Amino acid sequence: MMNTKHTITDHITDLEEQYWTIRNHSVHICAPLAIEDYVVQPIVDVSPPKWHLGHTTWFFETFLLIPYFPEYQVFDSQYNYVFNSYYETVGARVIRTDRGNLSRPSVSDIYKYRAYVDDQMQLFFKQKRHHLQDVLTLLELGLNHEQQHQELLISDIKYILGHNPLFPSYKSDPEPSKSEFVNNEMITFPAGIYEIGFEGKGFCFDNELGRHQVYLQEFEIATQVVSNGEYLEFIENGGYQDFRHWHAEGWDWVKENDTHAPLYWHKIDNQWMHYTLSGLKILDLNEALNHINYFEATAYANWKGMRLPTEAEWEIAADNMHWGDRWEWTGSAYLPYPGFKKEAGAIGEYNGKFMVNQMVLRGASEATSKGHSRKTYRNFFHTQLQWQFTGIRLAR
């Protein structure tokens with residue numbers, strides 16, 4: 001018979017350990033930055049690194065310490081306005097486009113804020129204030145929330161440095177590429193009824209819940225994602241000049257932005273280069289294609305006479321293919337699963353409010369924090385966005 005008390009105690013201890021590991025990792029990600037790098041916001045989708053550090057700290061202060069730790073004294077009452085991201089329930093906030101205008105609080109102030117909240121969380125743990133199930137749920141959500149922002153941190157740092165004309169290096173070691181791009185075959189799955197959605201123990205986001213049956217026609221799916229070399233063939237074949245491959249909105253995007261290649265690709269002295277976190281490098285044709293938006297992904301698939309997999313097809317095939325190098329665009333709109341229900345209060349704003357005008361991505365990427373990926377994970381972005389670590393897997 002399972003010792004339930006022992007299992008809960010183990011879970012609590014594990015979450016405490018995770019707290020320190022995850023919080024320290026955010027600081028580690030920012031360690032190579034110069035002070036000036038912390039403040040830049042080149043586009044609306046990219047937040048300054050210091051804002052991420054403050055916002056993830058604000059989450060623990062707002063949803064755990066303030067409501068569940070009566071002795072807690074708020075670090076700075078103005079920080080709720082500065083670091084609230086999109087939670088209407090919690091109050092007014094700085095609009096997203098203005099995050100780069102926040103020269104204050106300073107970087108040192110934000111690190112003091114993190115240290116203060118971490119010290120208070122240590123007291124919170126010591127006084128056993130986190131043993132209630134509701135608190136444990138919020139703690140686990142907060143940890144996964146910070147891991148999401150760790151991936152955003154890496155993506156945003158790359159965009160900030162990659163749009164600096166000096167192409168500075170963030171780190172000396174090259175970005176890993178786990179795919180070898182050998183034997184990229186198509187696997188066939190028969191028509192039938194399958195089940196998708198999260199089940200079992202462990203954490204998941206609310207948009208993964210509601211395991212349900214789906215009927216799928218027979219389909220084929222590639223064992224590997226598309227490589228730089230494969231996509232280069234599309235470019236050299238005039239892919240960005242031929243409207244026939246593109247959605248109407250995608251073709252408008254190509255023309256309006258005068259786009260000829262993926263984000264971070266540069267043709268210099270007739271040599272294709274691309275910006276990586278270790279600086280500007282010669283394009284590795286065997287590396288997994290990166291920073292592709294939905295328009296580009298579908299255009300390439302159309303050019304190949306194939307398509308993107310649906311998210312159901314992707315999940316069913318996940319155990320039989322290599323994944324984790326790139327977030328992979330699917331052909332599925334981001335919609336609720338059957339029976340989806342938003343939680344009450346601010347936490348209910350986490351995923352449900354974004355279920356419109358976005359497409360689902362599946363998998364993970366080299367920027368994804370350790371332990372933060374699973375085959376049921378439903379990522380989502382707008383169709384024009386490229387700055388995340390996104391790629392293509394083909395299906396038919």
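Okay, so let's go over this structure. (Residues numbered from 1 in each chain as written. Predicted model: local features only at pLDDT ≥ 70, side-chain atom pairs only at ≥ 80, totals over all residues. Heavy atoms only, no water.)

What to know about the overall build of the chain
Scanning the chain for helices and strands turns up nine helices and eleven strands. Taken along the three principal axes of its C-alpha coordinates, the chain extends 65 × 55 × 35 Å. In the chain, which comprises 396 residues, the proportion classed as buried is 55%. Carbon together with sulfur atoms contributes 52% to the accessible area of the chain, which is approximately 18,300 Å² in total. Where the 34 positive side-chain charges of the chain centre and where its 51 negative ones centre are 3 Å apart. (Helix = DSSP H or I, 4+ residues; strand = E, 2+ residues; numbered from the N terminus. Buried < 20%, exposed > 50% of the residue type's maximum accessible area, 1.4 Å probe, protein only. Areas by Shrake-Rupley, 256 points an atom, 1.4 Å probe, with all protein chains shown as cover. Lys, Arg positive; Asp, Glu negative; His and termini not counted. Charge placed at Lys NZ, Arg CZ, Asp CG, Glu CD.)

A short note on the pairing of strand β8 (residues 327–333)
Burial analysis of β8 places five of its seven residues in the buried class, which makes it a mostly covered element. In this sheet, strand β9 (residues 359–363) lies alongside β8 in antiparallel orientation, the contact comprising four bridges. For Ala333, the partnering residue across the bridge sits in β9 and is Met359. Here β8 pairs with strand β11 (residues 390–391) via two bridges, running parallel. Residue pairing for β11: Glu328 is matched across the bridge by Gly391. (Pairing = 2+ DSSP bridges.)

Regarding the pattern of salt bridges
For the structure on display, the rule yields 15 salt bridges. Between Glu311 and Arg362 there is a salt bridge, with its nearest N and O atoms 2.8 Å apart. Here the residue Glu311 occupies a position in helix α9 (residues 311–317), and Arg362 occupies one in strand β9, the gap between them amounting to 51 residues. Of the residues examined, Arg362 reaches a relative accessible area of 0% and is grouped as buried. Look at the salt bridges and you will find they share partners, linking Arg23, Arg114, Asp118 and Glu146 into a network. (Salt bridge = Lys/Arg side-chain N within 4 Å of Asp/Glu carboxyl O.)

Some words on the sheet that holds β11
With mixed pairing, four strands are arranged side by side in an open sheet as β10-β9-β8-β11. Bordering the open sheet on either side are β10 (379–381) and β11, each of which pairs with just one other strand.

Regarding the nonpolar core
For soluble globular proteins, nonpolar side chains are generally found buried alongside one another. Formed by 88 residues in total, the largest nonpolar core has its most connected members in Met121, Leu139, Tyr231, Trp246, Trp265 and Ile392. Among the elements that make up this core, the one with the highest residue count is helix α5 (residues 133–162) (twelve residues). With near-sequence residues (within four places) excluded, Trp246 lies in contact with Phe234, Gly239, Tyr240, Trp251, Trp253, Val254, Phe295, Glu296 and Ala299. Counting residues in hydrophobic clusters, the runner-up holds 15 residues, among them Phe189, Val214, Met321 and Tyr337. (Core = buried A, V, L, I, M, F, W, Y, C linked by side-chain atoms within 4.5 Å. Contact = heavy atoms within 4.5 Å.)

Section: the sheet that holds strand β5 (residues 265–268)
Taken in spatial order, the three strands of this open sheet run β5-β6-β7, and their pairing is antiparallel. Taken across any chain shown, the strands that pair with only one partner, and hence form the sheet edges, are β5 and β7 (279–282). The average undirected angle you get between the axes of adjacent strands in this sheet is 35 degrees. In the sheet, β5 pairs with strand β6 (residues 271–276) via four bridges, with the strands oriented antiparallel. (Axes fitted to C-alpha atoms, helices over the stretch in contact; angles between N-to-C directions.)

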